[in-house]
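Chain and residue survey
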Amino acid sequence: MADEVNNNGNLEKSESSQGLTNQSAEPIRVFRIEVLHMIKEAQQQHGLRHGDYQRYRGYCTRRIRRLRKALKFPQGDKRHFKRRDVTFAELTGKRADERFIYIPLISAERAWSYAMQLKQEANTEPRKRFHLISKLRKACGYALQLQELCTLDIFDARTKLECEAYVAWMHGTLHFELQSWKTAGEHLKRAQVVYENLAKALPEDEQELYKAKVNEFTPNLRYCAYNISGGTMGGNMDDLLEMRAQGLLENLDALVNQTKSESSDGLQTIEWRGRKVTVRPEKVRLFLLSAQELDKSLEKTTKIDAKIELIERTLMDCKDAIQSVKDEIKQDPKLRSLTTGQPVSGVQYLLAYLSYIRLNRTLQRNLCLVEQAKANFDDPNQKSQIALDGKRVRSQDLARLYEIILQNVSEMQQILGMEDHTTYQCEIENLALTFKAFRCYYIALTLIDMKKWKEAVALYERASKYATEALKGPFCDNFKMLDDLEKLVITIDGCKFSAHAYSVLENDNYDDPIFTSKSQKSSKPLFERLSQYKEDQSLFTKNPNVFKLTPEMEAIPCKPLFFDLALNYVELPSLEEKLQAPDKKGISGFVKGFLGWGGNK
């Protein structure tokens, strides 16, 4: 283009240089791209809420197509493809638009989601792992392109920091899959530091998203640190097993195989109830290893909610292990049916052992729920007790929990292959008596609330009988119920006599403020109940209920009315003589004639 001369006679170079001169005179427009917020919102709305990476990848593909069409930035024509990446010119020229920066970002997300989809499929098809690494490398390339574009002055500091953290996280994910633990740890630590500083610099309403992202890095960083140290870090194995129970590490199974090879070899056989069984499925061996460490994790955990979560994670793994044993049984026709009296095979005995673990942990979880409910229990004998979090637990709620526990105990008695085991059945029967005692106790408390004293005394007697029988029998080592059962016996003795006393005084209209409901409170004034003792708080107020100044209307007997019934039987004298004959005119006729009235005219 030819050079032009301005009004002052100065020579301007070209149109491009003229645009830069005018741009320098105008204020520079600053763009802000909230990378983490944008990708998290897109992920939650398009599949990743349910772990559907294929759906999210399809969304990214459509989003890139729409962006290129709206920005008129296609890659070739209908017949030929010509790659066209976003450069500085699209962000600084006349066509400058912040939407150009979305193209490399969404492209990186598309490659990453494809890699995560392949990671799920690689469990059954190991060859797809090579494709996974290729897609992660491509995602890192797009992330670097994004970071290079964000170095321009048109982007603010927050956008630059978010792009830096995004690139570090993407590279950390790649090296984590490549098992380059040191490099992966460095990249993930860099991303964690950047997000932590961003969270401190932002307002409180925007910090939650970045803090959650920081917490996502913790398991992978600990995993990298463990592998870097070669498995010699003290106490880390327990931490990793606890993380495995919480579902934070997906590939810990391989780590357990490497670091506990001796323990794994020792778990080729297990011994339960005096019988050794060979463990063939790998998934069952790994589950038994993690199950052994669960008790240690529960001892370290103080919160009941955390204990329940750990047990539930173990139950999910136990379910998978049981399914693998059942699949092995299905493959062998000889093991499909088990008749009564036939000796139990090794695989079936292993299935019985896993079923016992599942029911045992389920029972342990339910006992944690009982402990949590007792913390909020509204005991009628302890009115000063304050419920936590404003949630009141009634006695019928605890009775329902013990009913569920008894169903679990009943299932433990019916485990296939353990019907004829005398010691096992005695322990489970004694455990059932223990929980029956607690159930009867809380049902009795429910009846006390309903003022059914006699029925409550009968249930107290039944609970005391169950508890006494349970104390004489053998106890399971897994459940420490002896102390609770002894306390229950002492509590039942006191409650039983109290309920019996109330049942005796029921006919005397005994009124106790502890057991008196609102519907039974009397509204009689004080002068009408002087012979009864009752604590009435209204007497200390400004309007005490002592006497009603306006007495109520009362019914009184009406005036007696006498009926003369004898009149019908009285014979009255005849008055015909006194009556005047009709043909005779009396004084009335004289008057009529004299005055001219009544005469015939």
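Preceding this section is the structure that the text describes.
About the thresholds
- Residues numbered from 1 in each chain as written.
- Predicted model: local features only at pLDDT ≥ 70, side-chain atom pairs only at ≥ 80, totals over all residues.
- Heavy atoms only, no water.
- Buried < 20%, exposed > 50% of the residue type's maximum accessible area, 1.4 Å probe, protein only.
- Helix = DSSP H or I, 4+ residues; strand = E, 2+ residues; numbered from the N terminus.
- Disulfide = S-S within 2.5 Å.
- Expected span 1.5 Å × (residues − 1).
- Contact = heavy atoms within 4.5 Å.
- Phe/Tyr/Trp six-rings, centres within 6.5 Å; stacked < 30°, edge-to-face > 60°.
- Lys NZ or Arg CZ within 6 Å of the ring centre and 35° of its normal.
- Core = buried A, V, L, I, M, F, W, Y, C linked by side-chain atoms within 4.5 Å.
- Axes fitted to C-alpha atoms, helices over the stretch in contact; angles between N-to-C directions.
- Parallel < 35°, antiparallel > 145°, perpendicular 65-115°, else oblique.
- Left-handed = near helix turned anticlockwise from the far one by under 90°.
- Nonpolar A, V, L, I, M, F, W, Y, C, P; charged D, E, K, R; others polar.
- Polar contact = N/O pair within 3.5 Å; in protein donor to acceptor, adjacent residues only side chain to side chain.
- Pairing = 2+ DSSP bridges.

**A few points about helix 13 (residues 282-292)**
- Within helix 13, 8 of the 11 residues are buried, leaving the element largely enclosed by the surrounding structure.
- Restricting attention to buried positions, one finds in helix 13 the residues Val284, Arg285, Leu286, Phe287, Leu288, Leu289, Ser290 and Ala291.

**Regarding the state of the cysteines**
- Tallying each qualifying case throughout the model produces 0 disulfides.
- Of the cysteine sulfurs around Cys150, a residue in no disulfide, the closest is that of Cys163, at 3.0 Å.
- Looking at Cys150, the relative accessible area reads 3%, which means it is buried.

**Some remarks on helix 17 (residues 395-413)**
- Here helix 17 contains 19 residues, and its C-alpha end-to-end distance of 27 Å stays within 8% of the 27 Å for a straight helix at 1.5 Å per residue.
- Contacts made by the buried residues of helix 17 are with helix 16 (346-375) and helix 18 (422-449).

**Overview of the packing of aromatic side chains**
- Counted under the stated rule, the structure contains 18 aromatic pairs.
- Ring geometry for Tyr56 versus Tyr59: centroids 6.2 Å apart, planes at 25 degrees, classification stacked. Linking Tyr56 with Tyr59, this pair stays in helix 3 (residues 53-70), spanning 3 residues, or about one helical turn.
- Residue classification places Tyr56 among the buried positions, given a relative accessible area of 1%.
- For Tyr59, a relative accessible area of 9% translates into the label buried.
- Their ring planes at 45 degrees and their centres at 5.9 Å tell us that Tyr166 and Trp169 sit as a pair that is tilted. Residue Tyr166 and its partner Trp169 are both found in helix 7 (residues 157-177); the two are separated by 3 residues, about one turn of the helix. In this pair, the class of Tyr166 matches that of Trp169, namely buried.
- Grouped by ring-pair contacts, the aromatic residues Tyr402, Phe435, Phe438, Tyr441, Tyr442 and Tyr460 constitute a single cluster.
- Against the face of Tyr114 rests Arg57, its NZ or CZ located 4.0 Å from the ring centre.
- Here the basic side chain of Lys213 rests over the ring of Trp169, its NZ or CZ set 4.3 Å away from the ring centre.

**Focus on the nonpolar core**
- Among the nonpolar cores identified, the biggest contains 69 residues, and Leu288, Leu354, Phe435, Tyr442 and Tyr460 are the most heavily contacted of them.
- Counting residues per element, the ones that place at least two in this core are strand 3 (269-272), helix 13, helix 15 (304-331), helix 16, helix 17, helix 18, helix 19 (453-472) and helix 20 (482-504).

**Quick word on the environment of Glu186**
- Counting through the fold element by element, Glu186 comes out in helix 8 (residues 181-201).
- Along the primary structure Glu186 and His171 are separated by 15 residues, whereas in three dimensions their C-alpha atoms are 9.7 Å apart.

**Comments concerning the packing of helix 5 (residues 102-121) against helix 7**
- Helix 7 packs onto helix 5 with a crossing angle of 25 degrees between their chain directions and a minimal axis gap of 13 Å. Accordingly, the angle class assigned to the pair helix 5 and helix 7 is roughly parallel. In this structure, helix 5 meets helix 7 at a crossing whose hand is left-handed. Note on element contacts: helix 7 touches helix 5 through Tyr166, Trp169, Met170, Thr173 and Glu177, opposite Leu105, Ala108, Glu109, Trp112, Met116 and Lys119.
- Counted by class, the contact of helix 5 with helix 7 contains 7 nonpolar, 1 polar and 3 charged residues.

**Quick word on the side chain of Asp156**
- Relative to the helices and strands, Asp156 resides in the loop between helix 6 (128-149) and helix 7.
- A polar side-chain atom of Asp156 sits 2.8 Å from a polar atom in the side chain of Arg32.
- If sequence neighbours within four positions are ignored, Asp156 has contacts with Val30, Phe31 and Arg32.

**Quick notes on the pairing of strand 3**
- Because side chains alternate across strand 3, one face comprises the buried residues Ile270 and Trp272, and the other comprises Thr269 and Glu271, none of which is buried.
- Both strand 3 and strand 4 (residues 275-278) contribute to a ladder of 4 bridges, which runs antiparallel. The residue of strand 4 that forms the bridge with Glu271 is Lys276.

**A short note on unusual backbone geometry**
- For Lys72, which is not glycine, the phi dihedral falls at a positive 55 degrees.
- Summarising the element assignment, Lys72 is placed in the loop between helix 3 and helix 4 (89-92).
- Phi at Gln179 takes a positive value of approximately 60 degrees, unusual for a residue other than glycine.
- Looking at where Gln179 falls in the secondary structure, it is placed in the loop between helix 7 and helix 8.

The values reported here are purely geometric and, on their own, carry no functional implication.
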